[in-house]
Amino acid sequence: MDANQFSGKLLLKHEWNLDDELFELWLQKKWIQEVPGIVRKFGVTMCQRCFNTEKKYFGLMPGDITYCRKCVAMGRLSEREPLYRWSGPENELEPIPNSCAWEGKLTPLQEEAAHAIVRTIQTKKRLLISAVCGAGKTEMLYKGIEYAAEHGLRLCIATPRQDVVRELAPRLRRDFPSLTSAALYGDSTERDHGAHLVIATTHQMLRYQNAFDVIIVDEVDAFPFHKDRSLPKAVNRALKPKHALIYLTATPRFNLKLQTALKLIPTVSIPMRYHEHPLPVPTFKRVHQLEKQLQAYELPKLILDWIEERKGRRFLLFTPTIELAQTLSQSLSIPYVHSESPDRKELVMKFRTHQLNALITTTILERGVTFPSIDVAVLLADHHVFDEAALVQIAGRVGRSADDPTGDITFFYEQKTNAMVAARQYTRIKNKEAQRKR
Amino acid sequence: MHCLICFRDITEATTWQNLWTVKEKNICDDCESKFEKVKGSTLCEKCMKPVSEEVNLCGDCYEWQERFQQDPLIQNVSIFTYNDYMKDVMACFKYRGDYELVHVFKEAIKDTFSEHFKHSFQLVPIPLSDERLSERGFNQAEALAQLIDLPIYNVLKRTHSEKQSKKSKLERLTSKNPFRANHPISGDVLIIDDIYTTGTTLRQAAQTLIDHGATTVSSLTLIRS
Ligand SMILES: [Zn+2]
Ligand SMILES: [Zn+2]
Ligand SMILES: [Zn+2]
């Protein structure tokens, strides 16, 4: 067994998957070192895997043993069950030149971003790529991935969303057939044996320390990455001391915007879609007592009219809550999906393959998944779950295909919100910016 | 207070109503509503499995009664069904080892105990093998038993492991008893376990207890699958 395939790992004993004898041997050799799981310092208790310090997330086991409930899904870490980190020989990746088999052509704007990424990897710096939905982010990464492979650098693409990992991994494998890779997320069974390319959820970063030369965080503004402070910390821990860190997003949140404004992070803005058509601008439609009507299984005429006007074009209806999705699904006889629907994958697939003409969804389909030629309506766009980023992302589902680059995006609401206005403003600003770049 | 399952804040404002019904609540209403109690007018008299209206006993219980002429288990009482939600919670509790989740069931276990059993009952949890116990760090049956404020008698030991997997029904009914008792016991015994599936394990435990002096053996299980 190649020992250095373990380099950069931070795992529970059973996760090492080594027989006891070898594990003991490597402990003695100090190739593997114990890291206490739960540490108390200055009256603060902290989980050494997920950085949790909140009391409500700690539990007690028989024998008064403290364990962390926040990351227990990754295997229990307690005062008795420590972590082990690799401190043996480091993984030396075989450099692989010309690994990219993709033969497509980048647009000038994609080219610009691709160069910035390569430069960032060369100089081991940080970079923000702020690219609108449909800008063709994945292809922008290809030169960077190729550069990393050629120089034996370990690269990880981390994203908060499982769906994105599932969609990205097969594409990258097709376009980089000579690279070893691992796709890691909650229920994936793949393991990383020191791969060139790791495609993982940001949660999986909790299992690494000092592992990657390059991490690209895709959808950096998505839940839970931007809310859960442990995840940015985990990304930092997973990086080697000298590293490149690249953020990708269509909708940077305040903190990153501020860093850009203060020139603390170099930023490349891609305001145009790869097909070079403008972003569809949301139409606002006010409906009196919209929420009440929907809850009472009544369908406002404006909404029925909108559906009528689709004339057979496929459409998505976004609702703020699962309950509303369910109610609406009954009134309209259109199936609905949410984060816990057991048939989520199946329904999305049916929609994709035109077996379904319409689908009601909560914000789970707000990003990551793309369907050509669809229209989109947001019901109760003034609900607080629809912040600016969510609305921009939802609007970004429309007009994705080069063959059919336009489409309708309508916000139905009762009371206009700042988020709605900001989202509309965003599309207008980006479209103007794009015009100047033409 | 935070919900033990979803961590949401559940500090309730005191109202006249909940002043009278002071209960230790440690999960939110949302999470609580996802559990489903075993109920219905036609349940097996012995083990609470749903049966058709014409019979009093389910197939398994009938078999024990008829084939072996005597059933070591007098009665089983289960509280919840094994719905998808319960499966998720149990996966977290047992397999991921999130011990705190046991407290979710405190009220239900206590109430069910006092409704069906007397304080003279002696509580015996179904044991885990040593291997499992050290893996998991706790025995879920014992954890559940501890929710009842009575002494616990750990008199059973497992002689071989838990794996019950793909045996035929007859094999299951007649398979070798995996328990032994390391102490004599007497009087009415109540076995505690997390889940009642076919009842074979519980009956093997019950037989062992009777062989070691128990007068009667019943069982209280959190889940009827
Ligand atoms: Zn933790
Ligand atoms: Zn809850
Ligand atoms: Zn029965």
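Residues numbered from 1 in each chain as written. Chains lettered and ligands numbered in written order. Predicted model: local features only at pLDDT ≥ 70, side-chain atom pairs only at ≥ 80, totals over all residues. Heavy atoms only, no water.

This next bit is on helix H10 (residues 322-332) of chain A. At 3.6 residues per turn, the α-helix brings residues three or four places apart onto the same side. All names here are of chain A. Within the span of H10, buried status applies to Leu 324, Ala 325, Thr 327, Leu 328, Ser 329 and Leu 332. Looking at the packing, one finds that the buried side of H10 touches helix H8 (290-295), helix H9 (301-310), strand E16 (314-318), strand E17 (336-337), strand E18 (358-361) and strand E19 (374-379). Following H10 by one or two positions, Ser 333 adopts a phi angle in the positive range, close to 50 degrees. (Buried < 20%, exposed > 50% of the residue type's maximum accessible area, 1.4 Å probe, protein only. Helix = DSSP H or I, 4+ residues; strand = E, 2+ residues; numbered from the N terminus. Contact = heavy atoms within 4.5 Å.)

What follows deals with a positive patch on the surface. Positive charge collects at one region of the surface, where A:Arg428, A:Lys432, A:Arg436 and A:Lys437 lie side by side. Structurally, the position occupied by A:Lys437 is in helix H13 (residues 418-437). (Patch = residues over 30% accessible without salt bridge, like charges linked within 9 Å, V, L, I, M, F, W, Y side chains within 5 Å. Areas by Shrake-Rupley, 256 points an atom, 1.4 Å probe, with all protein chains shown as cover. Salt bridge = Lys/Arg side-chain N within 4 Å of Asp/Glu carboxyl O. Lys, Arg positive; Asp, Glu negative; His and termini not counted. Charge placed at Lys NZ, Arg CZ, Asp CG, Glu CD.)

Quick look at the UniProt feature "domain: Helicase ATP-binding" (unreviewed entry) in chain A now. Under the present numbering, the feature "domain: Helicase ATP-binding" (unreviewed entry) in UniProt falls on residues 118-270 of chain A. Secondary structure content for residues 118-270 of chain A is 33% helix and 27% strand, and the end C-alpha separation is 16 Å. (UniProt positions renumbered as here; feature names shortened; annotations may be inferred.)

The next point concerns the coordination of the zinc ion (ligand 2). All names here are of chain B. Protein-derived coordination of the zinc ion (ligand 2) comes from Cys 3 (SG), Cys 6 (SG), Cys 28 (SG) and Cys 31 (SG), at a distance range of 2.2 to 2.3 Å. One way to put it: the four donor atoms around the zinc ion (ligand 2) meet at angles of 101 to 117 degrees, and that makes the site tetrahedral. One chain supplies every donor for the zinc ion (ligand 2), spaced along it as C-x2-C-x21-C-x2-C. With Cys 3 in the segment before helix H1 (16-20) and Cys 28 in the loop between H1 and helix H2 (29-32), the pair connects residues that are 25 residues apart, well separated along the chain. (Donors = N, O, S within 2.8 Å, 3.2 Å for Na, K, Ca; no water. Tetrahedral: all angles 85-135°; square planar, octahedral: opposite > 155°, others 65-115°.)

Bringing the domain arrangement of chain B into the picture now. All names here are of chain B. According to the domain assignment, chain B contains domain 1 (1-33) and domain 2 (41-224). Taken together, the contact between domain 1 and domain 2 spans seven residues of the former and eight residues of the latter. If you look at where domain 1 meets domain 2, you find zero salt bridges. There are one residue pair in polar contact (both at pLDDT 80 or more) connecting domain 1 and domain 2. Looking at the side of domain 1 that touches domain 2 residue by residue, the classes come out as four nonpolar, one polar and two charged. (Domains from an automatic or database assignment. Polar contact = N/O pair within 3.5 Å; in protein donor to acceptor, adjacent residues only side chain to side chain. Nonpolar A, V, L, I, M, F, W, Y, C, P; charged D, E, K, R; others polar.)

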